Amino acid sequence: MYPALGPLLALLTLATAPAALAAQREQRPLPDGFEAAINARDLARAQALIEPAAATCIEADSSAASCIDLLTWLASVGQRREDRPLQLRAARLAAAAAAQHAPGTAREYYALVNLAGGLDHSGAPLEAEAPARRALAIAERLWPEPSDNVALICRNLATTLTALGKHGEAVTLMRRAVAIRTAQGGTESIAALDASRVLGVTLNEGGHIGEAVAILTRVADTLATRYPTRIVERARAESDLAAVLNDAGRFTDAAQRYLTAVTLWEQAGDQGESLVTALNNAARNFASMGDYSRAEQIDRALLRFKSAQLGPDDPSLARSYGNLGVVLEAQGKVDEARPLLRKALAMAIAAYGPDHLRTAPFRGYLADALPLAEQEAERRTLVALYRDQLGAGHPDTLDALAQLAHVYAALGRHGEAEAAFREIVTQGERTWGLDNVHFADSLIALALSLARQLRPGTLAEMRSLIARGWSIQQAALGPDHPDTIESAIYLAQMSDDDRARTLSRGVQAGILARIARNRDFGATAQAELRAFSPAFDQAVRINWRLAHQPASPAK
């Protein structure tokens, strides 16, 4: 708990719900007082009751079904307390016992749900996939649809697959979960809306941002209208919608939703991780808007509060040190940023080990702040880590490879950069699909790599790549998204007169539409206009040139 967070609420990661717990029926005997402790949310007492009971049961007869039940409950308590080592320890024992003594039963299902959830939250999605898939197979055999247990494991497996970059299958599973919840209670039931919320997050992770915005807007607005007193559900929906709006480039809209989310978390009495996550993500949104001073203010305040509560060297502070370092680096305060980023990486390595996936983001943050000569080694390490643990086509691997390619380009090694970008396009077509904004990014990055080399005969390929990427962005993000605007300028510069004129005018309209969304011409609108002024200026120059070029001589 962070009781001093009140002042931050005036300043203004996606806040995610904890994995749902299975309805663990048929689990007896439970120690006296355990259920009362669970209902009272006295998790420390619940653990003190269930842990020795499980140990006694195993010592007496490790094959007893009641031991599996007790271990599964112990894992659930660990999950609720966010004690991942406890959750994993108990879940592994329960899953192993169930596989031996109760294979294919509800007991094995519940044990596997806890095990997969614990592995997911511990940053081990590769290990989580197998138990989650087995749990789904068991659920499909035991419970006909519409089944709560099938919907639950579809959701959990979708989360795992999203982390593994298997976005298509993850979306299919979440659509199935939504269908089950809708069949049970209708499209506007709390359960169906929550499943739709997770579907929206899943779609966004896979690059289908437009559909994600539409779904999450419906969920958040329906909850506000129909269930105004369901504060926690509303806070989660507003937080997720804000994160997706930020990805969609709608930064002002995102800021408003973050403010709503933080207010709701405050009303819910949650002064812990959910509120901290929302504030962290709000700071990232301010950074996206170019309002680095407000982002820095939030990051510094959160770091102070968490340090006071946990101590300055608690491993869970790695994210806070990293966030502050990133926003300082973005402002050019590199000398102040580097020690923070090194500390964040050291904390992550101490907590997880040097080769754990959870260290990867911190390596990336530090690499951004290093001189080019030092960046290359860190970027290569990142690519190797992702390739080894997630595969060559995983989105994180491709993103790390793109960052390495940018380093090659900055060092003047354009041939190596081009080769890396071509690999990303080839892999990305299979990973993302042809209508995905991430695939569009890879096409445009390759085109710009070709542009830097100015090899004869490459103009047609450059134009084709940018046209494909821009078309995808137009459909997925809209004409006034920053990426769409930037790509339109590139395309206008290499198009014939009529198309160049249309594109440049579209750029101007898109920029003006973005500015017009602001309620007043305050600091946010002014910062956005300054950010887009080079693109606007370029569009005006193109139109001016086309309007004043000499007329063609009469034939």
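Cut-offs and rules
- Residues numbered from 1 in each chain as written.
- Predicted model: local features only at pLDDT ≥ 70, side-chain atom pairs only at ≥ 80, totals over all residues.
- Heavy atoms only, no water.
- Helix = DSSP H or I, 4+ residues; strand = E, 2+ residues; numbered from the N terminus.
- Buried < 20%, exposed > 50% of the residue type's maximum accessible area, 1.4 Å probe, protein only.
- Polar contact = N/O pair within 3.5 Å; in protein donor to acceptor, adjacent residues only side chain to side chain.
- pLDDT = per-residue confidence, 0-100.
- Contact = heavy atoms within 4.5 Å.
- Core = buried A, V, L, I, M, F, W, Y, C linked by side-chain atoms within 4.5 Å.
- Axes fitted to C-alpha atoms, helices over the stretch in contact; angles between N-to-C directions.
- Left-handed = near helix turned anticlockwise from the far one by under 90°.
- Nonpolar A, V, L, I, M, F, W, Y, C, P; charged D, E, K, R; others polar.
- Phe/Tyr/Trp six-rings, centres within 6.5 Å; stacked < 30°, edge-to-face > 60°.
- Expected span 1.5 Å × (residues − 1).
- Parallel < 35°, antiparallel > 145°, perpendicular 65-115°, else oblique.
- Salt bridge = Lys/Arg side-chain N within 4 Å of Asp/Glu carboxyl O.

(A) Region of the structure containing the overall build of the protein. Check the secondary structure of the protein and you find 25 helices and zero strands. The proportion of buried residues among the 555 residues of the protein is 53%.

(B) Structural context of the side chain of Ser239. Tracing the backbone shows Ser239 in helix H11 (residues 231-247). Here Ala235 takes part through its backbone oxygen, which lies 2.9 Å from a polar atom of the side chain of Ser239. One polar contact links Ser239 to Trp265, side chain to side chain, over a distance of 3.4 Å.

(C) Spotlight on the confidence of the model for the protein. With 87% of its residues at a pLDDT of at least 70, the protein reaches an overall mean of 84. Low pLDDT, under 50, characterises residues 1-28; the predicted model gives this stretch 94 contacts beyond four residues in sequence or across chains.

(D) Structural context of the nonpolar core. Among the nonpolar cores identified, the biggest contains 79 residues, and Phe34, Ile50, Tyr109 and Ile153 are the most heavily contacted of them. Broken down by element, the residue count for this core peaks at nine residues, all from helix H5 (residues 106-121). The next biggest cluster of nonpolar side chains, apart from the first, holds 39 residues, and it includes Leu164, Phe421, Leu446 and Met494.

(E) Unusual backbone geometry, seen in detail. Note the cis peptide between Glu145 and Pro146, where omega equals 5°. Unusually for a residue other than glycine, Arg41 sits at a positive phi of about 60°. Take Arg41: it is sitting in the loop between helix H1 (34-39) and helix H2 (43-60). By relative accessible area, which is 75% here, Arg41 ends up exposed.

(F) Representation of the packing of helix H4 (residues 84-101) against H5 within the structure. Remark: H4 packs on H5, axes separated minimally by 8 Å, with the N-to-C direction vectors making an angle of 145°. Of the two elements, H4 crosses H5, and the hand of that crossing is left-handed. Seen from H4, the contacting residues are Arg84, Gln87, Leu88, Ala91, Arg92, Ala94, Ala95, Ala98 and Ala99; seen from H5, they are Arg107, Glu108, Ala111, Leu112, Asn114, Leu115, Gly117, Gly118, Leu119 and His121. Here the residues of the contact of H4 with H5 sort into 10 nonpolar, five polar and four charged.

(G) Examining the packing of aromatic side chains more closely. Here the structure, examined in full by the defined rule, presents five aromatic pairs. With centroids separated by 6.5 Å and ring planes inclined at 40°, the aromatic side chains of Tyr110 and Trp143 adopt a geometry described as tilted. Remark: Trp143 occurs in the loop between helix H6 (125-142) and helix H7 (148-163) and Tyr110 occurs in helix H5; sequence separation between them is 33 residues. Each ring, one from Phe362 and one from Tyr365, has its centre 5.9 Å from the other, and the planes form 85°; the classification is edge-to-face. Separated by three residues within a single helix, Phe362 and Tyr365 lie in helix H17 (residues 360-368), roughly one turn from each other. For Phe362, a relative accessible area of 12% corresponds to the buried category. The class for Tyr365 is partly exposed, based on a relative accessible area of 30%. Taken together, the aromatic side chains of Tyr109, Tyr110 and Trp143 make up a single cluster linked through ring pairs.

(H) Summary view of helix H3 (residues 65-80). Counted at 1.5 Å a residue, the expected span for H3 with its 16 residues is 22 Å, and the 23 Å between its end C-alpha atoms agrees. With 13 of its 16 residues buried, H3 lies for the most part within the structure. Downstream of H3 by a residue or two, Glu82 has a phi angle that is positive, lying close to 60°.

(I) Highlighting helix H14 (residues 292-310). With 19 residues, H14 extends 26 Å between its outermost C-alpha atoms, agreeing within 8% with the 27 Å of an ideal straight helix rising 1.5 Å per residue. All of the buried residues along H14 are Ala295, Glu296, Ile298, Asp299, Ala301, Leu302, Leu303, Phe305, Lys306 and Ser307. Buried positions along H14 lie against helix H13 (273-288) and helix H15 (318-330). Looking one or two residues beyond H14, the residue adopting positive phi is Gly311, at roughly 100°.

(J) Representation of the packing of H3 against H5 within the structure. At a closest axis distance of 10 Å, the pairing of H3 and H5 adopts a crossing angle of 25°. By the criterion of interaxial angle, the relationship of H3 to H5 is roughly parallel. The element H3 and its partner H5 pack so that their crossing is left-handed. Contact residues: H3 offers Ala65, Ile68, Asp69, Thr72, Ala75 and Ser76, while H5 offers Arg107, Tyr110, Ala111 and Asn114. Among the residues making up the contact of H3 with H5, the classes are represented as five nonpolar, three polar and two charged.

(K) Molecular detail of the side chain of His481. For His481, the position within the fold is in the loop between helix H22 (459-477) and helix H23 (482-493). Within the local environment of His481, its side chain forms a polar contact with the backbone oxygen of Asp247, the two atoms lying 3.4 Å apart. A polar contact is formed between the side chain of His481 and the backbone nitrogen of Gly249, at a distance of 3.5 Å.

(L) Representation of the pattern of salt bridges within the structure. Applying the stated rule across the entire model yields 32 salt bridges. For the salt bridge of Arg134 with Glu108, the shortest nitrogen-to-oxygen distance reads 2.7 Å. Of the two residues, Arg134 sits in helix H6 while Glu108 sits in helix H5, which places them 26 residues apart along the sequence. For Glu108, a relative accessible area of 2% corresponds to the buried category. Close ionic contact of Lys166 with Glu129 constitutes a salt bridge, the shortest N to O distance being 3.0 Å. Placement of Lys166 in the loop between H7 and helix H8 (167-185) and of Glu129 in helix H6 is noted, with a sequence separation of 37 residues between them. We classify Glu129 as buried; its relative accessible area is 13%.

(M) Representation of the environment of Ala242 within the structure. Tracing the backbone through its elements, the reader meets Ala242 in helix H11. Residue Ala242 is classed as buried on the basis of its relative accessible area of 0%. Distance from Ala242 to Thr260, taken between C-alpha atoms, is 9.4 Å for residues 18 residues apart in sequence. Discounting residues that sit within four places of it in the chain, Ala242 has contacts with Ala254, Arg257 and Tyr258.

(N) The environment of Leu88, seen in detail. Considering the arrangement of structural elements, one finds Leu88 in helix H4. By relative accessible area, Leu88 is classed as buried at 13%. Separated by 13 residues in sequence, Leu88 and Ala75 have C-alpha atoms that sit 6.8 Å apart. When near neighbours in sequence (up to four residues on either side) are disregarded, Leu88 contacts Leu115, Gly118, Leu119 and Ser122.

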